There are 2 protein chains.
Amino acid sequence: MINKLSAPFCDYKSRVESALDKLLPVANSGPVHLMEAMRYASLDGGKRIRAMLVYAAGQTVDHDMNDLDPAACAVELIHAYSLVHDDLPAMDNDTLRRGKPTCHIAYDEATGILVGDGLQSLAFETLAGHSSVNLRPEKQLQMIKLLANAAGHAGMVGGQARDMAAQGRKLTLDQLTELHLGKTGALIKASVLLGALSGEGSNPADIEALDEYATRIGLAFQIIDDVLDEEADTKTLGKNSGADRTLSKATFPATIGIEKSRRMARHCQAQALSALDNVRADTQILKAIADLVVGRKH
Amino acid sequence: MINKLSAPFCDYKSRVESALDKLLPVANSGPVHLMEAMRYASLDGGKRIRAMLVYAAGQTVDHDMNDLDPAACAVELIHAYSLVHDDLPAMDNDTLRRGKPTCHIAYDEATGILVGDGLQSLAFETLAGHSSVNLRPEKQLQMIKLLANAAGHAGMVGGQARDMAAQGRKLTLDQLTELHLGKTGALIKASVLLGALSGEGSNPADIEALDEYATRIGLAFQIIDDVLDEEADTKTLGKNSGADRTLSKATFPATIGIEKSRRMARHCQAQALSALDNVRADTQILKAIADLVVGRKH
């Protein structure tokens, strides 16, 4: 199914790359090194899973592609900012990301901090600045609130803080799951919901089913991330493999072993697919993304 | 005039403190150390000039105080996040802020990064989450876009990047002014405009005059900041005095001398007051804030 559907994936990926390219500041719109570094950290890389989820969820409920671009860009900007900050020396101290030096290595640490800060602002500016006859301003406010909540202390930032605090400590599976529902899950879930909300007419039952789908694949995504960090090589990953173990991170393999982790990811995938049965629309692409998330090699 | 008007200033200050206190996460809503640190970095301190400007501008054009709280909190949250990140070792490496240890000293560097990130998200969540019969959603979107733009690469973050790049270099007065129109000016200007936009019915000519007022006092504020860093003592400032000189920062005193700097601040103040003559409302409190900005001792 992945092969048959590779065309929409590629379309989504090139579509968000191009939208981000137009959105990001050009070198002469501010301090040159900052503008360059913002582009360096956000373009030419990444799997764009979050943007794909925006587009796929939005298309599932029949929204216009042009109305999906702002949310697709916004989630990728938030994701890119979080990677730049997570890679900083005071956080995970990583030197390689998406196959190239991390932002603070390619530029400097102060620039890394500011790039992340600027990308976060740009995400909200993008969502607030979109104007469309298909989208009521009330809905846009709801989307901004949802993204801010998913990105902040109750979501991604909170999960990252739990992750830092858990270094060298043994967590229970419940604690680890809670950590990752924030750290990675919140933004993945937001991506699906933002896609579904980027227009009018989607019904509450569909949104609820998509919410459940998103929670499950968010968790599956992180479990596979942890497994790949253990099993894949640096070249395939595009980031340093084994980094979790080096930092004594709390991971699924460290908590329940590799095999149980893989089984848990497949279980999440099955739950995600089953949630889609409740959506009254063609969910083929969302199903394929669930397969991609669990079957990926990097 | 300042003494006669000290009551509204105090009211504004305690009002925003109380609104922030209600808004900020409590310890059991996420990782305890992150929630504590977010409160530590945002409460019990600061002059709250930005919140004052929101309230004063909003009251000038007759908006409801309850509709001004979200913008007052949002600008203070953005300001607090920027201070936490600016104080980090890779940036200004400051140990003292608002009379207490900086966030990364009181907690740790990773927490400092995450606190700033979370406070920024919370600012946008706050603006997007407000609901009032006095405020159309279109206006709220305009406010979010304005704040995101002022906070990001085209405003505060861009100014901060210019500031970092200027360390040890001699700037012209024009370059220095451009730097500070971003670094400090953009958020101060946004504060005035957000106050004016937090309701319906304000007329474009008034907004334009308030915009000019805001630009001028934003610049005056930064000039006085630079002067105080040279002249005041650490205890009065609540942060380490002489820090600019230690870091070879590009400042107004370093560029044009202390006396010319003071004269330039007074000139900006006069321009700000003159702009207010074009506002068709009682601008007494905004005038008093201009006096406060230039006359302050810390």
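Residues numbered from 1 in each chain as written. Chains lettered and ligands numbered in written order. Predicted model: local features only at pLDDT ≥ 70, side-chain atom pairs only at ≥ 80, totals over all residues.

Asks: What is the right way to read the overall build of chain A from this model?
Replies: Looking only at helices and strands, chain A has 15 helices and two strands in total. Here the C-alpha atoms of chain A give a radius of gyration of 18 Å, agreeing with the 19 Å that 2.2 N^0.38 yields for 298 residues. Counting over 298 residues, chain A shows a buried share of 55%. Across chain A, contacts joining residues at least 24 apart in sequence account for 75% of those joining residues at least 6 apart. (Helix = DSSP H or I, 4+ residues; strand = E, 2+ residues; numbered from the N terminus. Rg over C-alpha atoms; globule rule 2.2 N^0.38 Å. Buried ≥ 20, exposed ≤ 12 C-beta atoms within 10 Å, placed from the backbone. Contact = placed C-beta atoms within 7 Å.)

Asks: How should I be thinking about the interface of chain B and chain A in this particular structure?
Replies: The figure often quoted for interface size is the accessible area lost as the parts come together. Across the contact, 45 residues belong to chain B and 45 residues belong to chain A. Of all the elements in the fold, those that place two or more residues in the side of chain B that touches chain A are helix 2 (32-42), helix 6 (109-129), helix 7 (137-151) and helix 8 (156-165) of chain B. The biggest single contributor to the side of chain B that touches chain A is helix 6 of chain B, with 14 residues. Classifying every residue of the side of chain B that touches chain A by side-chain character gives 24 nonpolar, 15 polar and six charged. (Nonpolar A, V, L, I, M, F, W, Y, C, P; charged D, E, K, R; others polar.)

Asks: How do you make sense of the nonpolar core when you look at a structure like this?
Replies: A general trend in soluble globular proteins is that nonpolar side chains are found buried together. Membership of the largest hydrophobic core comes to 192 residues, with the highest contact counts inside it found for Ile144, Leu147 and Ala220 of chain A together with Ile144, Leu147 and Ala220 of chain B. Residues contacting alanine 220 of chain A, with those up to four places away along its chain left out, are Ala265, Cys268, Gln269, Ala272, Val293 and Val294 of chain A. (Core = buried A, V, L, I, M, F, W, Y, C linked by C-beta atoms within 7 Å.)

Asks: Teacher, can you tell me more about the packing of helix 6 (residues 109-129) of chain A against helix 6 of chain B here?
Replies: For any two helices packed against each other, the geometry is given by the interaxial angle and the distance between the axes. Relative orientation of the contacting elements helix 6 of chain A and helix 6 of chain B amounts to 15°, with a least axis distance of 11 Å. Here helix 6 of chain A is positioned roughly parallel relative to helix 6 of chain B, judged by the angle of their axes. Between helix 6 of chain A and helix 6 of chain B the crossing geometry is right-handed. Contacts between helix 6 of chain A and helix 6 of chain B involve Ile113, Asp117, Gln120 and Phe124 of chain A on the former and, on the latter, Ile113, Asp117, Gln120 and Phe124 of chain B. A per-class count over the contact of helix 6 of chain A with helix 6 of chain B returns four nonpolar, two polar and two charged. (Axes fitted to C-alpha atoms, helices over the stretch in contact; angles between N-to-C directions. Parallel < 35°, antiparallel > 145°, perpendicular 65-115°, else oblique. Left-handed = near helix turned anticlockwise from the far one by under 90°.)

Asks: I tried to follow the relation of the copies chain B and chain A on my own but got confused; where do I start?
Replies: Between the two chain copies there is a screw-like relation: a rotation about an axis and a shift along it. Of the transformation superimposing chain B on chain A, the axial component is 0.0 Å and the angular component is 180°, with the fit at an RMSD of 0.0 Å. Those values place the two copies in the arrangement expected of a two-fold rotation axis. Considering only C-alpha atoms, the part of chain B nearest the rotation axis is proline 137 of chain B, at 2.8 Å. The overlap is high: 100% of the interface residues of chain B also sit at the interface in chain A, so the same surface is used on both sides. (Least-squares fit on C-alpha atoms with pLDDT ≥ 70 in both.)

Asks: Honestly, unusual backbone geometry in this entry has me stumped. Any pointers?
Replies: Leave glycine aside and you will find that most residues have negative phi; peptide bonds, for their part, are mostly trans. All names here are of chain A. Even without a glycine there, the phi angle at arginine 48 is positive, about 60°. For arginine 48, a count of 22 C-beta atoms within 10 Å puts it in the buried group. You will see that serine 248, though not glycine, has its phi angle at about 50°, which is positive.

Asks: What exactly am I supposed to notice about the packing of helix 14 (residues 258-276) of chain B against helix 15 (residues 284-295) of chain B here?
Replies: Residues and elements named next belong to chain B. Contact pair helix 14 / helix 15: the axes reach a minimum separation of 10 Å and the direction vectors enclose 175°. The angle between helix 14 and helix 15 places the two elements in the roughly antiparallel class. Contacts between helix 14 and helix 15 involve Ala265, Arg266, Gln269, Ala272, Leu273 and Leu276 from the first element and Leu286, Lys287, Ala290 and Val294 from the second. Grouping the amino acids of the contact of helix 14 with helix 15 by side-chain chemistry returns seven nonpolar, one polar and two charged.

Asks: What's the story with helix 6 of chain B in this structure? I'm lost.
Replies: Relative to the 30 Å expected for 21 residues at 1.5 Å per residue, helix 6 of chain B spans 30 Å between its end C-alpha atoms, a close match to the ideal helical length. Counting buried residues in helix 6 of chain B gives 19 out of 21 residues, a clear majority hidden from the surface. (Expected span 1.5 Å × (residues − 1).)

Asks: Even after reading the chapter, I still don't get the environment of aspartate 86 of chain A, so can you show me in this structure?
Replies: All names here are of chain A. By secondary structure assignment, the location of aspartate 86 is in helix 4 (residues 65-86). Under the C-beta neighbour-count criterion, aspartate 86 is labelled buried, with 22 such atoms within 10 Å. Counting along the chain gives 74 residues from aspartate 86 to glutamine 160, while the straight-line C-alpha distance between them is 8.2 Å. Among all residues touching aspartate 86, those that are not within four sequence positions of it are Met91, Asp92 and Gln160.

Asks: For this particular structure, what's the right way to read the environment of methionine 156 of chain A?
Replies: Residues and elements named next belong to chain A. If you trace the backbone, methionine 156 turns up in helix 8 (residues 156-165). With 26 residues separating them along the chain, methionine 156 and glycine 182 place their C-alpha atoms 4.8 Å apart. Once residues within four sequence positions are removed from consideration, methionine 156 is found in contact with Ser82, Ala150, Ala151, Gly182, Lys183, Ala186 and Leu187.

Asks: Just checking my understanding: could you explain the confidence of the model for chain A for this structure?
Replies: Any segment with low pLDDT has predicted coordinates that should not be analysed in fine detail. Residues with a pLDDT of 70 or more make up 98% of chain A, whose mean pLDDT is 93. Scoring of the predicted complex yields 0.96 for pTM and 0.95 for ipTM. (pLDDT = per-residue confidence, 0-100.)

Asks: Honestly, the environment of alanine 232 of chain B in this entry has me stumped. Any pointers?
Replies: Residue and element names in this part refer to chain B. Here alanine 232 lies in the loop between helix 10 (204-231) and helix 11 (234-237). Through-space distance from the C-alpha of alanine 232 to that of alanine 110 is 31 Å; in sequence the pair is 122 residues apart. Setting aside chain neighbours within four positions, we find alanine 232 in contact with Leu237, Ser241, Lys297 and His298.

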